[in-house]
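These are the residues of each chain, in order.
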Amino acid sequence: MCGIVGYIGSKKAEPILIDGLLRLEYRGYDSVGIATLENNKINLVKSKGRVNSLAENEEAQKLIGTLGIGHTRWATHGGVYKKNAHPHQCGNVTLVHNGIVENYRELIEDYNLQSVLQSETDTEVVAALMDMYYKGDAEEAIQRVVRKLKGTFALVMMFEDKPGVIYAIRNVSPIVVAKC
Ligand code: GLU
């Protein structure tokens, strides 16, 4: 049972994401990662370790973006390796996922995705499809992709050329959005 956090605002996102992930630690996890968007570029830091290992990670501390997403992973598809930790990035799209995409193998075959995938996860298939369908309209791409997914998901996403927005969509798995 993983944890997902997203932040958009005026403060540096990295410590807020880490604090959020620490609060979700009770759910259990095996790896952790965060991504922030700065100067139209998304930077990621992932680790097999605990959330605290990211808090002390110099690469993570260098993330200066004020928009970001974070994830603690409970592996369902693919071993506990850094490459399988979320966020997953494909082209313009970076996302985190809670849940299981049951038809991920069919999607890989139907859309010929094998050559673009770098992890063993069901999640990266969603990122690859999202990037394939993204032509500048994020909501349209999200709607088209989620129609193809079987299973449960909470997805939180950033697009490299959309610096002011975090997108979230869910099926069964919960998401809470708050303004403060
Ligand atoms: N199925 C995804 C994976 O194995 C997400 C697991 C989770 O909810 O943490 O990476």
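All figures in this text were calculated on a predicted structure; none of them were measured in a lab. Residue indices begin from 1 for each chain and proceed along its sequence in written order. The model is predicted, so local features are restricted to residues of pLDDT at least 70 and side-chain atom pairs to those at 80 or more, both for listing and for counting; the totals for chains, interfaces and linings are taken over all residues. To get the side-chain values, take all heavy atoms of the structure and skip hydrogens and water.

Go over the site of the ligand, please, and point to the residues and values.
Throughout, near means a residue has at least one heavy atom within 4 Å of the molecule or strand. As a matter of local geometry, the ligand sits amid 14 residues, with Arg 73, Thr 76, His 86, Gly 99 and Asp 122 nearest to it. Here a polar contact is recorded for every N or O atom pair within 3.5 Å, except that within protein the pair must consist of a potential hydrogen donor and a potential acceptor, and residues adjacent in sequence are included only if both atoms are side-chain atoms. With respect to the ligand, the side chain of Arg 73 contributes an N or O atom lying 2.7 Å from an oxygen atom. One nitrogen or oxygen atom from the side chain of His 86 is found 2.7 Å from an oxygen atom belonging to the ligand. Relative to its free-state accessible area of 300 Å², the ligand is covered by the protein chains to the extent of 98%. Breaking the shell around the ligand down by element, the ones donating at least two residues are strand S4 (67–73), strand S6 (93–101) and helix H5 (122–133). Per element, the largest residue contribution to the shell around the ligand is three residues, and it comes from S6. A breakdown of the residues in the shell around the ligand according to their chemical character gives three nonpolar, nine polar and two charged. Here the open area of atoms and residues is found with the Shrake-Rupley method and a 1.4 Å probe, where only the protein chains shown may cover a residue. Numbering of helices and strands starts at the N terminus; helices are DSSP runs of H or I of at least 4 residues and strands are runs of E of at least 2. When residues are sorted by character, Ala, Val, Leu, Ile, Met, Phe, Trp, Tyr, Cys and Pro go into the nonpolar class, Asp, Glu, Lys and Arg into the charged class, and all the rest, Gly among them, into the polar class.

How would you summarise helix H1 (residues 13–23) if you had to cite specific residues and measurements?
Turning to H1, its buried residues number three or more, namely Ala 13, Glu 14, Leu 17, Ile 18, Gly 20 and Leu 21. Seen along its axis, H1 keeps its buried residues to an arc of 160°; they face one direction. Of the surrounding elements, those touching the buried residues of H1 are strand S1 (3–8), strand S2 (31–38), helix H2 (51–55), helix H3 (58–61) and S4. Accessible area is worked out with a 1.4 Å probe on protein chains only. A residue is then buried under 20% of its type maximum, exposed over 50%, and partly exposed in between. The directions from the helix axis to the C-beta atoms form the arc being described. Residues are treated as being in contact if the distance between any of their heavy atoms lies within 4.5 Å.

Summarise the sheet that holds strand S7 (residues 151–159); cite the residues concerned and give the values.
One open sheet holds the four strands; their spatial order is S5-S6-S7-S8, and the pairing between them is antiparallel. Of all strands in the sheet, those with a lone pairing partner are strand S5 (88–90) and strand S8 (167–171), marking the two edges. Adjacent strand axes in the sheet meet at a mean angle of 20°, parallel and antiparallel pairs treated alike. Bridge count for S6 against S7 is nine bridges, and the pairing is antiparallel. The residue bridging Thr 94 from the neighbouring strand is Met 158, located in S7. Packing of H5 onto the sheet brings it into contact with S5, S6 and S7, and relative to S6 it is tilted by some 135°. Any two strands with at least two DSSP bridges between them are considered paired. Between N-to-C directions, angles cover 0 to 180 degrees, with each direction set by a line fitted to C-alpha atoms, over the stretch in contact for helices.

Please provide a residue-by-residue account of the pairing of S6, values included.
With seven of nine residues buried, S6 lies mostly within the body of the structure. In this structure, S5 lies alongside S6, joined through three bridges in antiparallel fashion. Bridge assignment links Gln 89 to a residue of S6, and that residue is Thr 94.

Any details on the side chain of Asp 30? Residues and values, ideally.
Locating Asp 30 in the fold gives a position in the loop between H1 and S2. In this structure Asp 30 is buried but unpaired, with Arg 73 as the nearest side chain of opposite charge at 4.5 Å. Engagement of the side chain of Asp 30 in a polar contact is seen with the side chain of Ser 31, the distance being 2.9 Å. Other than its neighbours up to four places away in sequence, Asp 30 contacts Lys 48, Gly 49, Arg 73, Trp 74, Ala 75 and Val 80. For this count, His and the chain ends are skipped, Lys and Arg are scored as positive, and Asp and Glu as negative. Basic side-chain nitrogens of Lys or Arg form a salt bridge, by our definition, when they fall within 4 Å of a carboxyl oxygen of Asp or Glu.

Can you lay out the nonpolar core for me, pointing to particular residues and giving the numbers?
The term nonpolar core refers to a set of buried residues drawn from Ala, Val, Leu, Ile, Met, Phe, Trp, Tyr and Cys, joined through side-chain atoms within 4.5 Å. The biggest cluster of nonpolar side chains holds 28 residues, and the ones touching the most others in it are Val 126, Met 130, Leu 149, Leu 155, Met 157 and Phe 159. Breaking this core down by element, the ones donating at least two residues are S6, helix H4 (104–110), H5, helix H6 (138–146) and S7. If you tally residues by element for this core, the top one is H5, at seven residues. Excluding residues within four positions of it along the chain, Leu 155 makes contact with Leu 95, Val 96, His 97, Val 126, Val 146, Leu 149, Tyr 167, Ala 168, Ile 169 and Ile 175. Formed by 15 residues, the second largest nonpolar core is a distinct cluster that contains Tyr 7, Tyr 29, Val 32 and Leu 63.

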